[in-house]
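The residues making up each chain are set out below.
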Amino acid sequence: MSRRRTTVYWTGFCVILALLIMAPLVLPEFWRRFLTEILIWGLLAMSSDILIGYTGMVSFGHSAFFGLGIYGAAAALLSVSPPSLLLALLSGLVAAAAAAAFVAYFSTRLRDIYFAITTLIFSQIFYVIIFTWTEVTGGENGLTFSRPPLAIPGLFSLRFAPNTLHWFVLAVVVLSYLLLRRITQSPFGMVLQSIRENEARTRAVGYPVERYKMVAVMLSGLFAGLAGVLYALQNQFAAPDFVFFLVSGEVVIFNVIGGIGTLVGPIVGAAFFLLLREGLSRFFTEYYLIFVGLIFIAMVIFLPQGLLGFARRWLNH
Amino acid sequence: MSAALGLERIGAESMPRAASLLSTEDLTVRFGGLTALNRVNFAVEHGEVRAIIGPNGAGKSTFFNCLTGVLRPSSGHIRFDGEDITGASPDRISRKGIARSYQITNILPNATTLENTRIAAQSRRHGWSLLTHHRAYRDIIEKAEEALEAVGLRGKAGELAANLSHGEQRNLEIGIALATEPQLLCLDEPTAGMSAAETHDTMELVRRIAKNLTILIVEHDMQVVMELAQRITVLHYGEILAEGTPSEIQQNPRVLEVYLKT
Ligand SMILES: Nc1ncnc2c1ncn2[C@@H]1O[C@H](COP(=O)(O)OP(=O)(O)OP(=O)(O)O)[C@@H](O)[C@H]1O
Ligand SMILES: [Mg+2]
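A brief look at the structure comes next. (Residues numbered from 1 in each chain as written. Chains lettered and ligands numbered in written order. Predicted model: local features only at pLDDT ≥ 70, side-chain atom pairs only at ≥ 80, totals over all residues. Heavy atoms only, no water.)

1. Side note on the overall build of chain A
Going by this rule: Think of it this way: any DSSP run of H or I at least four residues long counts as a helix, any run of E at least two long counts as a strand, and we number them from the N terminus. Each radius of gyration is computed over the set of C-alpha atoms, and the globule rule expresses the reference value as 2.2 Å times the number of residues to the power 0.38. Partly exposed describes any residue whose relative accessible area lies between the buried limit of under 20% and the exposed limit of over 50%, with all areas from a 1.4 Å probe on protein chains only and scaled to the type maximum. We call two residues in contact whenever any of their non-hydrogen atoms come within 4.5 Å of each other.
The number of helices and strands found in chain A is 14 helices and 4 strands. Against the compact-globule benchmark of 20 Å for 317 residues, chain A has a radius of gyration of 19 Å, which places it among compact chains. The proportion of buried residues among the 317 residues of chain A is 53%. A fraction of 75% describes how many contacts in chain A between residues 6 or more apart in sequence connect residues 24 or more apart.

Below is the structure:
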């Protein structure tokens, strides 16, 4: 990036961050919650961009990693009293990472559509397990639990007020974004992009491509799990619906709408999609999905690089 | 001490092949009913420039595919630098020190010229670094720039590889291979599709890099081959038809019959 573009980037970053920090002070409760959810879904979409946009692997397994993040957090919150935020985080991340390691091991040998299908099948297996193992997961009804305090043991403990929760989610999402951005710019990230561009050549210059893909899937799953933990904190319930493959499909849609390979794009895509669904469902009740679908198709045809790609080209002119 | 040295010498004499940088033993590749390589016994010494010639479909590219792990031979063995590398994966073979350029240009078209050699140079160091910006690793960038310099593309470092001319892309192909710091470089028709002037320049380039490397080169232009290589191996229907110095090959009646007369 040139000097000027770096300045523009960080100015934009700070302005948007400031707006997101101040938003809950002015937004009504409904829209504050809505914004917090956009951030959480945005993080989930961003985690999947590591695979779709940077490595060139389309995952339909992100509902599983997200769901295991939720259920992992739920397990910690239900089994330890008083509930601990750190344990919930740890448990959710471990569950998601374990699922991701499992899926990665079997799926990364396969390419393109075969990879996508394998991740989809594995996520459905997790869905079936969670749906049927009623004693532990609550089955169809899911689990409800209470929110832990925002605490670091021995330092401080704070009850989550609605605004604090928003800021906590914002902090986690922004830090995740900065971390993922750095990873995509690291030598490791360069290898992922090289795999996307030309897998055979990347292998031929000495990279064990399968191992890189495996780590990419695990990293991606870890951040998806983090989104799951945030979701658990926000909504205080876990349900098998979140593990269902439709969620994975939506994540892919967020990416495509927003612009893959940009990290920010998927968040924009999530915001756009969720707002669109909210707006259309008010007017068209149950038929709103038809319109969502039509708009999605139109966007894929007319904005193939997503909203962000479109905005970039428009700004450059 | 001297006894030990003596033993070593005897050992070395009883295994003359161990000295070769690369050798194959009865290397055979079958594609269904077609035998693309048939019991090929081949050896290259350290520092040699060896040309491999042969008519279309002789098995030259198939031979390179075996050496670089893209194809697993149906039978036979490949030894490189004292180790059996038969059936090893392409990435392991690359890290062992064999690099290759492709007959059909095989680069990262959407990356810049420098990024192409940078990713190759990086494969030897820092590949698993996740939290440092890639630009912080000056050593990688220097290696990548050296490789571009060696193939005359230093001035095009920032250019998108897809926007280079065909001849420049062919040279970038060699630059990527060089950036992996190989011991053995396999060039598969590096001048394919080049003009006479470009061919001349590329051959100069190969001559320059040959000073520090062992090179295997597949090339159709006989003039070029004769000037460049110390020894020539002629493949014909997957078998070694002849092997020798350029002048020996030029006078070999079997070679003249199947190849040079065309
Ligand atoms: N993957 C493959 N599957 C089936 N047959 C193959 C395959 N690769 C090569 N062949 C066949 O093997 C034979 C040797 O091919 P190869 O590409 O090695 O020839 P070559 O000497 O490189 O020829 P050229 O000068 O045209 O590049 C040819 O008959 C070719 O059709
Ligand atoms: Mg060939």
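2. Considering the coordination of the magnesium ion (ligand 2)
All names here are of chain B. Our working definition: Distances define the donors: N, O and S atoms within 2.8 Å of the metal qualify, as do those within 3.2 Å of Na, K or Ca. Water is excluded, so some sites may look unfinished.
For the magnesium ion (ligand 2), the protein coordination sphere consists of Ser61 (OG) and Gln103 (OE1), at 1.9 to 2.1 Å. Of this pair, Ser61 sits in helix H2 (residues 60-67) while Gln103 sits in the loop between strand S6 (98-101) and helix H4 (113-122), and the two are 42 residues apart along the sequence. Here Gln103 falls in the partly exposed class, since its relative accessible area comes to 33%.

3. Regarding the interface of chain B and chain A
Definition in use: Take the accessible area each of two parts loses on contact, using a 1.4 Å probe, and add the two losses: that sum is the buried area. Within this document, salt bridges are pairs made up of a side-chain nitrogen of Lys or Arg and a carboxyl oxygen of Asp or Glu, the two lying within 4 Å of each other. In the analysis that follows, any N or O atom pair within 3.5 Å is treated as a polar contact, provided that within protein one partner can donate a hydrogen and the other can accept it, and provided that, for residues neighboring in sequence, both atoms belong to side chains.
At the junction of the two partners, chain B supplies 30 residues and chain A supplies 24 residues. Both sides together, the interface formed by chain B and chain A hides about 2400 Å², and carbon and sulfur atoms give 60% of it. For the pair chain B and chain A, the interface holds 1 salt bridge. The salt bridge partner of Glu173(B) is Arg201(A), with a shortest N-O separation of 2.7 Å. Our enumeration of links across chain B and chain A arrives at 22 residue pairs in polar contact (both at pLDDT 80 or more).

4. Quick notes on the sheet that holds strand S5 (residues 83-84) of chain B
Residue and element names in this part refer to chain B. Condition: When DSSP finds at least two bridges between two strands, those strands are taken to pair. To obtain each axis, a line is fitted to C-alpha atoms, and for helices this fit is confined to the stretch in contact; angles are then taken between N-to-C directions over 0 to 180 degrees.
Pairing is antiparallel across the open sheet formed by 4 strands, whose spatial order is S2-S1-S4-S5. Of all strands in the sheet, those bounded by a partner on one side alone are strand S2 (34-44) and S5. As defined by bridge partners, strand S1 (residues 22-31) adjoins strand S4 (residues 75-80) across 5 bridges and the pair is classed as antiparallel. Each residue of the ladder has a partner; that of Ser23, found in S4, is Arg79. The strands touched by H2 within the sheet are S1, S2 and S4, with S1 carrying the most contacts at an inclination of about 115°.

5. Quick word on the packing of helix H3 (residues 62-79) of chain A against helix H5 (residues 112-132) of chain A
Working note: a packed helix pair is described by the angle between its axes plus the distance between those axes. All names here are of chain A. Convention followed: We call a crossing left-handed when the near helix sits turned anticlockwise from the far one by less than a right angle, and right-handed when that turn is clockwise.
For the pair H3 and H5, the least separation of the axes is 8 Å and the interaxial angle reads 35°. Crossing handedness for the pair H3 and H5: left-handed. Along the contact surface, H3 presents Ser63, Ala64, Leu68 and Tyr71, while H5 presents Ser123, Phe126 and Ile130.

6. With respect to the sheet that holds S6(B)
Residue and element names in this part refer to chain B. Pairing within the open sheet is mixed, and its 6 strands lie in the order S6-S7-S8-S3-S9-S10. Two strands in the sheet have a free side with no partner beyond their single neighbour: S6 and strand S10 (239-244). Adjacent strand axes in the sheet meet at a mean angle of 20° when their direction is disregarded. Both S6 and strand S7 (residues 184-188) contribute to a ladder of 4 bridges, which runs parallel. Its bridge partner being in S7, Ile98 is matched across the sheet by Leu184. On top of the sheet, H2 reaches strand S3 (49-53), S6, S7, strand S8 (214-218) and strand S9 (231-236); it is set at about 150° to S7, its chief contact.

7. Regarding empty space enclosed by the protein
Our working rule: Site definitions follow a grid-based scheme: protein atoms alone, a 1 Å grid, a 1.4 Å probe that fits but cannot get out for cavities, and for pockets an open set with protein on both sides within 12 Å along at least five of seven lines, plus lining residues having an atom within 4 Å of a point. Grid points are joined across faces, edges and corners, and a volume is the space filled by probe spheres set on the points. Only Asp, Glu, Lys and Arg are considered charged in this grouping, and only Ala, Val, Leu, Ile, Met, Phe, Trp, Tyr, Cys and Pro are considered nonpolar; every other residue, Gly among them, is considered polar.
Under the definition given, this model contains 3 cavities of 30 Å³ or more. In this structure, the largest cavity spans a volume of roughly 90 Å³. Lining the largest cavity we find 13 residues, and of these Ala204(A), Ser94(B), Ile98(B), Ala99(B) and Arg100(B) sit closest to its centre. Broken down by secondary-structure element, the contributors of at least two residues to the lining of the largest cavity are helix H9 (199-204) of chain A together with helix H3 (90-96) and S6 of chain B. Taken together, the residues of the lining of the largest cavity sort by class into 8 nonpolar, 3 polar and 2 charged.

8. Topic: the nonpolar core
The test is simple: Here, the term nonpolar core denotes a set of buried Ala, Val, Leu, Ile, Met, Phe, Trp, Tyr and Cys residues that are joined through side-chain atoms within 4.5 Å.
Core analysis: the largest hydrophobic core is formed by 144 residues, its most contacted members being Trp41(A), Phe66(A), Leu230(A), Leu185(B), Ile215(B) and Ile232(B). In terms of residue count, the dominant contributor to this core is helix H10 (residues 209-235) of chain A (14 residues). Residues within four places of Leu230(A) in sequence aside, it is in contact with Ile40(A), Leu43(A), Phe168(A), Val169(A), Val172(A) and Val173(A). Listed in part, the 25 residues of the second largest apolar core include Leu22(B), Val40(B), Ile52(B) and Ile93(B).

9. As for a nonpolar patch on the surface
All names here are of chain A. The following threshold applies: Like charges within 9 Å and nonpolar side chains (Val, Leu, Ile, Met, Phe, Trp, Tyr) within 5 Å are joined into patches, using only residues over 30% in relative accessible area that form no salt bridge. All accessible areas in this document rest on Shrake-Rupley with a 1.4 Å probe, and a residue is counted as covered only by the protein chains that are shown.
A cluster of nonpolar residues, Val15, Leu19, Ile21, Met22, Leu25, Val26, Leu27, Phe30, Trp31, Trp167 and Leu275, forms a patch on the protein surface that exposes about 1000 Å² of accessible area. Sorting the residues of the nonpolar patch by element identifies helix H1 (3-26) and helix H2 (29-55) as the ones contributing at least two each. Per-element tally for the nonpolar patch: the top contributor is H1, with 6 residues. With respect to the element layout, Leu27 can be found in the loop between H1 and H2. Judged by relative accessible area, Leu27 falls into the partly exposed class, the value being 33%.

10. Looking at the site of ligand 1
All names here are of chain B. Short version of the rule: The rule for a residue being near a molecule or strand is that one of its heavy atoms must lie within 4 Å of it.
Taken together, 13 residues lie near ligand 1, and Gly57, Lys60, Ser61, Thr62 and Gln103 sit nearest. A distance of 2.9 Å separates an oxygen atom of ligand 1 from a polar atom in the backbone of Gly59. At 2.8 Å from an oxygen atom of ligand 1 is found a side-chain nitrogen or oxygen belonging to Gln103. Computed on the free molecule, ligand 1 has an accessible area of 640 Å², of which 61% lies beneath the protein chains in the complex. Looking at which element gives the most residues to the shell around ligand 1, the answer is H2, with 3 residues. Of the residues that constitute the shell around ligand 1, the class distribution is 4 nonpolar, 7 polar and 2 charged.

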